[in-house]
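Structural description and commentary
Each chain, letter by letter, is given below.
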Amino acid sequence: MDSRRDFLKGVLASSAAITAAAVSPPACARETLSRPVEALGLLYDATLCIGCKACVAACKEVNNNPAEFSTVDKLWDTPLDTSGYTFNLIKMYRNGTMETKDAEVNGYAFMKTSCMHCADPSCVSACPVSAMTKDPVTGIVAYDAGACVGCRYCVVACPFGIPKFQYDSPTGKIGKCELCRHRTKDGHYSACAEVCPTGATLSGRTSDLLLEAKRRLALKPGSITRYPRGKIGGADQSYEGSVGNYLQHVYGEKEYGGTQVLKLSAVNFAKVGQPDLPPTSSAATSETIQHSLYGGLIMPLAVLGALSFIAKKNVHDEDDSPANTGGEK
Amino acid sequence: MSMTQHHNTSPAPVGGSLINAATLVCSVLIATMAAILLVRFFFGIGAVTNVNDGYSWGIWVVVDVMIGSALACGGFSVALLVYIFNKGEYHPLIRPALLASLFGYTLAGGGIFFDLGRWWNFWHIFWPGYVNANSVMFEVAACVTAYIVVMWIEFAPVFLEKFGLHDVKKKLTKALFFFIALGMVLPMMHQASLGTMLVVMGGQVNPLWQTPMVPLIYLLTAIIIGYGVVLFESCVAASAYRRKIEMHLLNPMAKVMLGALAVYLVVRFADLLVRGALGEAFKPSFVAFAFWVENLCFLAPFLLIGSAEARRNPAKLFLAGIAIMLGGILLRLNGFLIGYGHHTGSGWTYFPSFTEVMVTTGMFAVEVLGYIIITRRFPVLPREEAQVAS
């Protein structure tokens, strides 16, 4: 009975310690991070997208990615989802007769799938070797294959299912959009925005893109407005078009603490594959727990000290070892 | 309760032939695994597994590493009883439990290489220039590695005895208390963190398994599984080697296990109630079904060995040990695979391929083979009285 009581006391005491650390708002609570001031991103407006997939082709080209086939004849690049070799994809929502564009019932709509460049990315928090990093200035979430161990915790962690792995190669890498950071030194910006004929994908600073998104949401559906193309703050390629029937929601403004890629849609975001996310990031929760339990190694060292003390007392009692007991005989 | 003198049960090699049906089967399984791994290392993970971008972690991670290491907690759980709660009578259980832990962990640590897509960079996990201390994975990797080293040190007296290096052993014994303490702190840390690994996955993990309390849930179950495994192993070793079951130890230990299990179930269901997540368990889904199977496994020991009389029945102890192991296995499978999934309409599914399963099987075969060889040749299992007399 004693052993049980002592043991339970121990279990309860350690449970209480961990519970206290995990539940009470700890001193080292890690808040959800927000976007850097100069964060770069994209604004995707589904009502402007015509599904031409010029952005998909351009993305393949500038990232030197091979074509992926989903048809028997294998005539051209037809990926069905983003992958280790496809970083950007336009997916289609279909319902009923598919008569009307951007209608939820008997309609169809497009949605861009690519990295959202989260303000507080799960992949960056998950990566054990800093192969996923967030640029402190541009906020671009970048991948370094030279650092990566291929554990794929980023793949499992991302709420958007973005980092993907090349499973068909013995030296596979993670593949994801890095906002064309390798092309900025030549004066280029995101290829998907560069080639978009309707300005459905627009490049720029996220703060500017957010203003543009809110401007559109404030307009009367059906009225005429000017839509910029390419890059906000770049050469003027704007044109006049009619205002879509927007949902009053800038997707990415607040999700998980905000993302640098923002989206507008007329069809419910969950229905076009955009997950419903809380305003706090799971990276913040995860790191708060880790820092509370292991911050400065205070708790582990305290436990180690206590256990060493007790073990030292108890080890001597009984077994300086079978060799000794054997000797006594 | 009558207690035999534990000094009589100092460990001794079991002896006997190393070539028998069990070791032959293990060898075939290990050779099969080696062949599959050859394909994996030349043609990529996709060539032999069904992992995909929706389920990037398959059984090589969840079973070989997460479940494998949890099932290897016997050494840690028994050490907790013997050295912290000063229950010296359990001492004969230490070495066999530690040996199983040693194998379980060494293989879990080694097995991760099969799944690492860029394994040649593995040292980055320990290199200051690369380390991301915010990563739960980093904490797990560092602690597991340290623990494997500590366990080999803890187990070293067995080899030192065998090779007659008594001076070295004496020196090691003086510092052993520190390694014993480390050997408890490290598994506490990473077994808790193995649960915390779910947290960053956010809403992709069903609320039945996604909770800030997950480190405590994983830690408590790891300790309990440790006792379950010892019950299981003691019974298997006794029957395989035709030895007496250490009932005078297993009976009270089973009682300790039930106590810890009761604490766990209170924590588990209190957490579900407080978070309002229990509703998920009543949806007509496979995930809800898996949740109930998991928890019925954790409840089963109370029915099986709740009474003192039942605890004197080796068959019931054995079954209770299996129930606990199954519960712990399901808790981990449910969190990382069955209750995990991308958001609406992603269409990804995962079920392990035959070759994938054969690698996992091969890993367990390495463990069994190693256990047989070491217990037959090294002083691990308690000396049988008959043997002492002869």
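Residues numbered from 1 in each chain as written. Chains lettered and ligands numbered in written order. Predicted model: local features only at pLDDT ≥ 70, side-chain atom pairs only at ≥ 80, totals over all residues.

Comments concerning the overall build of chain B
From N to C terminus, chain B includes 12 helices and 0 strands. Along chain B, helices (α) and strands (β) appear in the sequence α-α-α-α-α-α-α-α-α-α-α-α when read from the amino end. Taken over the C-alpha trace, chain B has a radius of gyration of 21 Å; the compact-globule value for 390 residues is 21 Å, and the two agree within 12%. C-alpha extents for chain B along the principal axes are approximately 70 × 50 × 40 Å. Here chain B holds 390 residues, and 55% of them are scored as buried. Taking the intrachain contacts of chain B between residues at least 6 apart in sequence as the baseline, contacts between residues at least 24 apart amount to 80%. (Helix = DSSP H or I, 4+ residues; strand = E, 2+ residues; numbered from the N terminus. Rg over C-alpha atoms; globule rule 2.2 N^0.38 Å. Buried ≥ 20, exposed ≤ 12 C-beta atoms within 10 Å, placed from the backbone. Contact = placed C-beta atoms within 7 Å.)

Some words on the overall build of chain A
Looking only at helices and strands, chain A has 9 helices and 12 strands in total. Per-residue burial for chain A yields a buried fraction of 46% across its 329 residues. For chain A, the proportion of contacts with a sequence separation of at least 24, taken over those separated by at least 6, is 62%.

Some remarks on the pairing of strand β12 (residues 261-264) of chain A
All names here are of chain A. Here β12 shows a buried face lined by Val 261 and Lys 263 and a second buried face lined by Leu 262 and Leu 264. Note that strand β1 (residues 40-45) and β12 share 4 bridges and pair parallel. Following the sheet pairing, Asp 45 is matched in β12 by Leu 264. (Pairing = 2+ DSSP bridges.)

Quick notes on the environment of Pro 79 of chain A
Residues and elements named next belong to chain A. Here Pro 79 shows up in the loop between α2 (54-62) and β2 (89-94). As for Pro 79 and Ile 90, which are separated by 11 residues in sequence, their C-alpha atoms are 9.9 Å apart. Apart from the residues lying within four places of it in its own chain, the contact partners of Pro 79 are Glu 68, Ser 70, Thr 86 and Leu 89.

Some remarks on the pairing of strand β4 (residues 107-113) of chain A
All names here are of chain A. By the criterion of burial, β4 is predominantly enclosed, with 5 of the 7 residues buried. As paired strands, β2 and β4 are joined by 6 bridges and run antiparallel to one another. What sits directly across from Leu 89, in β4, is Thr 113. Summarising the sheet, strand β3 (residues 100-101) and β4 pair through 2 bridges and their orientation is parallel. By the bridge assignment for β4, Thr 100 is matched with Gly 107.

Topic: the nonpolar core
Counting residues in each nonpolar core, the largest one holds 218 residues, and the members touching the most others are Cys 154 of chain A together with Ile 224 and Leu 231 of chain B. Sorting elements by how many residues they give to this core places helix α7 (residues 214-240) of chain B first, with 17 residues. Contacts of Cys 154 of chain A, omitting those with residues within four sequence positions, involve Cys 123, Ala 126, Cys 127, Met 132, Pro 163 and Ile 174 of chain A. (Core = buried A, V, L, I, M, F, W, Y, C linked by C-beta atoms within 7 Å.)

Overview of helix α7 (residues 282-294) of chain A
All names here are of chain A. Between its first and last C-alpha atoms α7 spans 18 Å; for 13 residues at 1.5 Å apiece the expected length is 18 Å, and the two agree. The element α7 is extensively covered by neighbouring structure, given that 12 of its 13 residues are classed as buried. Here α7 has its buried residues at Ser 282, Ala 283, Ala 284, Thr 285, Ser 286, Glu 287, Thr 288, Ile 289, Gln 290, Ser 292, Leu 293 and Tyr 294. Just downstream of α7, Gly 296 is the residue with a positive phi angle, here 65°. (Expected span 1.5 Å × (residues − 1).)

Considerations on the sheet that holds β1 of chain A
Residue and element names in this part refer to chain A. Read across the open sheet, the 3 strands follow the order β9-β1-β12; overall the sheet is mixed. Looking at which strands have only one partner, the edges of the open sheet turn out to be β9 (201-205) and β12. Pairs of neighbouring strands in the sheet enclose a mean axial angle of 20°, with direction left out of account. (Axes fitted to C-alpha atoms, helices over the stretch in contact; angles between N-to-C directions.)

Details of the interface of chain A and chain B
Between chain A and chain B, the contact holds 72 residues from the first and 80 residues from the second. Looking at the side of chain A that touches chain B, the elements that each hand over two or more residues are α1 (2-23), α3 (122-126), α4 (153-157), β7 (164-165), α7, α8 (298-318) and α9 (322-328) of chain A. Class assignment of the residues belonging to the side of chain A that touches chain B gives a composition of 39 nonpolar, 22 polar and 11 charged. (Nonpolar A, V, L, I, M, F, W, Y, C, P; charged D, E, K, R; others polar.)

Some words on the packing of α7 of chain B against helix α10 (residues 314-338) of chain B
Residue and element names in this part refer to chain B. Taken N-terminus to C-terminus, the directions of α7 and α10 make an angle of 140°; their axes are 8 Å apart at the nearest point. Classified by the angle their axes make, α7 and α10 are oblique. In the packing of α7 onto α10, the handedness of the crossing is left-handed. Mapping the contact onto sequence places Thr 221, Ile 224, Ile 225, Gly 228, Val 229, Leu 231, Phe 232 and Cys 235 in α7 and Pro 314, Leu 317, Phe 318, Ala 320, Gly 321, Ile 322, Ile 324, Met 325, Gly 328 and Leu 331 in α10. When its residues are assigned to classes, the contact of α7 with α10 shows 14 nonpolar, 4 polar and no charged. (Parallel < 35°, antiparallel > 145°, perpendicular 65-115°, else oblique. Left-handed = near helix turned anticlockwise from the far one by under 90°.)

As for the sheet that holds β2 of chain A
Spatially, the 3 strands line up as an open sheet ordered β2-β4-β3 (chain A), and their pairing is mixed. At either margin of the open sheet sits one strand with a lone partner, and together these are β2 and β3 of chain A.

Notes on the confidence of the model for chain A
Per-residue confidence for chain A gives a mean pLDDT of 89; residues scoring 70 or more make up 88%. Contacts of residues 317-329 of chain A to residues separated by more than four positions or lying in other chains number 16 contacts, the stretch itself having pLDDT below 50. (pLDDT = per-residue confidence, 0-100.)

Quick look at the environment of Val 380 of chain B
Residues and elements named next belong to chain B. Note that Val 380 resides in the loop between α11 (354-377) and α12 (385-389). Sequence-wise, Val 380 and Leu 98 are 282 residues apart; in three dimensions their C-alpha atoms are separated by 9.2 Å. Leaving out residues up to four positions away in the same chain, Val 380 has contacts with Pro 11, Arg 95, Pro 96, Leu 99, Val 158, Ile 374 and Thr 375.

Observations concerning the packing of helix α2 (residues 59-70) of chain B against α10 of chain B
Residue and element names in this part refer to chain B. Orientation of α2 relative to α10, taken along the N-to-C sense of each, is 145°, at an axis distance of 10 Å. Every pair of crossing elements has a handedness; the one defined by α2 and α10 is right-handed. For the pair formed by α2 and α10, the contact residues are Val 62, Met 66, Ile 67 and Ala 70 on the first element and Gly 328, Ile 329, Arg 332, Leu 333, Phe 336 and Leu 337 on the second. A class-by-class count of the residues in the contact of α2 with α10 yields 8 nonpolar, 1 polar and 1 charged.

Concerning the confidence of the model for chain B
Mean pLDDT over chain B works out to 89, with 95% of the residues at or above the 70 mark. Counting contacts from residues 1-8 of chain B, a segment whose pLDDT is below 50, to residues more than four positions away or on other chains yields 10 contacts.

Looking at the environment of Tyr 340 of chain B
Residue and element names in this part refer to chain B. Its place among the elements puts Tyr 340 in the loop between α10 and α11. With 23 C-beta atoms packed within 10 Å, Tyr 340 lands in the buried category. Taking the C-alpha atoms as reference, Tyr 340 lies 32 Å from Gly 183; in sequence the two are 157 residues apart.

What to know about helix α6 (residues 166-196) of chain B
Here α6 of chain B contains 31 residues, and its C-alpha end-to-end distance of 43 Å stays within 8% of the 45 Å for a straight helix at 1.5 Å per residue. At Ala 175 of chain B, α6 of chain B shows its strongest bend, of approximately 50°. (Bend = angle between axes of the 7 residues up to and from the residue.)

Some thoughts on unusual backbone geometry
Residues and elements named next belong to chain A. At Arg 152, a residue that is not glycine, the phi angle is positive and equals roughly 65°. By the element assignment, Arg 152 lies in the loop between β6 (141-143) and α4. One non-glycine residue, Leu 179, adopts positive backbone phi at about 60°. In this structure, Leu 179 sits in the loop between β8 (174-175) and α5 (191-195). Its 27 C-beta neighbours within 10 Å are what place Leu 179 among the buried residues.

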